[in-house]
Amino acid sequence: MDLIERPRRLRNSAILRNMISETQLNADKLIMGYFVCEGRNIRHAITSMPGIDRVSLDNLLGDVSSDIAYGLKSVLLFGIPDQKDERGKGAYDTNGIVQRAVRALKKEFPELLVITDVCLCEFTSHGHCGIVDNGKVLNDPTLALLAKTAVSQAAAGADMVAPSDMMDGRVGAIRQSLDEQGFQNIPIMSYAAKYASAFYGPFRDAAGSAPQFGDRQSYQMDFRNAREAEYEVLLDLEEGADIVMVKPALSYLDIICRVRQMVQVPVCAYNVSGEYSMVKIAAHSGFVNEEQMVKEILTSIFRAGADMVISYHTRDILKNNWFK
Ligand code: PBG
């Protein structure tokens, strides 16, 4: 045939395919999430997230140490307290589980980049991300508590704080408090476009943070909206966000792509618990090839425009060297 254009010419060998590949997975850009709980020598498998455990601080140090040996650079920490109350006190307690975990991690692994999730839902008895009054999640009174949480995490040594609550004005409130307390150099990675999503189901199981009444649709975004994501991102940037995040990732590749085109700052994407569990369960059943599927999914998130990705697959990728 008289074909001039033959795209297959550049697919002839692995060397050539690797040479022309536009997107590469890279350990520097992967962030692993951990769940740390009170107690000693505790390791509870999270049934809905095969391969991920809730661990006490001693075991967290062990897990992170072995992950660092595989090439891990950065972690996102979630705390599971023993006690919960209406105002989520454990979130901003100097000796809270997250604060102690940060201090221990930074002492043991000074080079590790430690990011903390700033939210109240793991610490409130009602499971909402803010203060509740009369069945409503109050915006403004929640801001001071979130700011206090971020400051206490920075004081413990966190390298970056990541507010995930979706209250209006929280990035500004956190920035102001961090600056007042001398943490001008601690960046804020804001969960800027965070959708109300069924994909968080396994996480809520892991963190025991499912709302006790209602849902999160009065503060997290409606998945029918894309322009609104741009609006949320712009607001967070005006308030001082250093990195903006899109969450979840896989059903929101269009949002990642739009946000990437709109802003100059780095864009993070969160490959959330439900996205992880779907792959794990399908792979355990033998229906799909886990390595191929994880590589394809993670690569697609980077290809859409993410500069870094939070993923529970990080350990498997590093350990098994799933980079090509
Ligand atoms: C806390 C928070 C959640 C996640 C990250 N931070 C849960 C939620 O908003 O309900 C979800 C992460 C995941 O599913 O992996 N607000």
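Rules used in this analysis
Residues numbered from 1 in each chain as written. Predicted model: local features only at pLDDT ≥ 70, side-chain atom pairs only at ≥ 80, totals over all residues. Heavy atoms only, no water. 1 Å grid on protein atoms, 1.4 Å probe; cavity = no way out; pocket = protein on both sides within 12 Å on 5 of 7 lines; lining within 4 Å. Points joined across faces, edges and corners; volume = space filled by probe spheres on them. Helix = DSSP H or I, 4+ residues; strand = E, 2+ residues; numbered from the N terminus. Nonpolar A, V, L, I, M, F, W, Y, C, P; charged D, E, K, R; others polar. Phe/Tyr/Trp six-rings, centres within 6.5 Å; stacked < 30°, edge-to-face > 60°. Buried < 20%, exposed > 50% of the residue type's maximum accessible area, 1.4 Å probe, protein only. Lys NZ or Arg CZ within 6 Å of the ring centre and 35° of its normal. Pairing = 2+ DSSP bridges. Contact = heavy atoms within 4.5 Å. Core = buried A, V, L, I, M, F, W, Y, C linked by side-chain atoms within 4.5 Å. Expected span 1.5 Å × (residues − 1).

J.: What is the right way to read empty space enclosed by the protein from this model?
T.: Gaps left between atoms show up when a probe the size of a water molecule is rolled over them. Overall, the coordinates contain two cavities of 30 Å³ or more when judged by the stated rule. Considered as a void within the structure, the largest cavity measures approximately 140 Å³ in volume. Among the secondary structure elements, those contributing two or more residues to the lining of the largest cavity are β9 (189–194) and α6 (201–207). For the lining of the largest cavity, a count of residues per class yields nine nonpolar, three polar and six charged. There is about 40 Å³ of room inside the second largest cavity.

J.: So what exactly am I meant to see when it comes to the packing of aromatic side chains here?
T.: Aromatic ring pairs are reported here in terms of the distance separating the ring centres and the angle at which the planes meet. With the rule as written, the count across this model stands at eight aromatic pairs. When the centroid spacing of 5.9 Å and the interplanar angle of 70 degrees are considered together, the rings of Tyr 276 and Tyr 312 count as edge-to-face. Residue Tyr 276 is found in helix α9 (residues 273–284), and its partner Tyr 312 is found in the loop between β12 (308–311) and α11 (314–320); the two are separated by 36 residues along the sequence. When its relative accessible area of 1% is taken as the criterion, Tyr 276 is described as buried. With relative accessibility at 1%, the residue Tyr 312 sits in the buried group. What links up through ring pairs into an aromatic cluster is the set Phe 35, Phe 78, Tyr 191, Phe 203, Tyr 270, Tyr 276 and Tyr 312. Residue placement shows Lys 194 over the ring face of Tyr 200; its charged tip is 5.4 Å from the ring centre.

J.: I tried to follow the pairing of strand β3 (residues 53–56) on my own but got confused; where do I start?
T.: Remember that side chains alternate between the two faces of the sheet whenever the strand is regular. Summarising the sheet, strand β1 (residues 30–37) and β3 pair through three bridges and their orientation is parallel. In the sheet register, Phe 35 faces β3, and the bridge partner there is Arg 54. Judged from the three bridges that link them, strand β2 (residues 43–45) and β3 form a sheet pairing that is antiparallel. Residue pairing across strands places Ala 45 opposite Asp 53, the latter belonging to β3.

J.: In this structure, what is going on with the environment of Ala 162? I would like to understand it.
T.: Summarising the element assignment, Ala 162 is placed in strand β8 (residues 160–163). Once the C-alpha coordinates of Ala 162 and Lys 136 are considered, the two residues, 26 residues apart in sequence, prove to be 24 Å apart. Discounting chain neighbours no more than four positions away, the residues touching Ala 162 are Leu 76, Ile 115, Thr 116, Asp 117, Val 118, Met 189 and Tyr 191.

J.: How should the nonpolar core be read in this particular structure?
T.: Within soluble globular proteins, side chains that are nonpolar tend to cluster in buried spots. Counting 108 residues, the largest nonpolar core has Phe 35, Leu 60, Leu 105 and Met 189 as the members making the most contacts within it. The contacts of Phe 35, once residues within four sequence positions are left out, are Ile 46, Met 49, Ile 52, Asp 53, Arg 54, Val 55, Phe 78, Ile 80, Phe 203, Ala 206 and Tyr 312.

J.: Any chance you could explain helix α2 (residues 57–70) here in plain terms?
T.: Side chains three or four residues apart in an α-helix point the same way, a direct result of the helix having 3.6 residues per turn. An ideal rise of 1.5 Å per residue puts 20 Å on 14 residues; α2 measures up with 20 Å between its terminal C-alpha atoms. Within α2, burial applies to Leu 57, Asn 59, Leu 60, Leu 61, Asp 63, Val 64 and Asp 67. Positive backbone phi, at 120 degrees, marks Gly 71, one or two positions downstream of α2.

Purely spatial values, then, with no claim about function.
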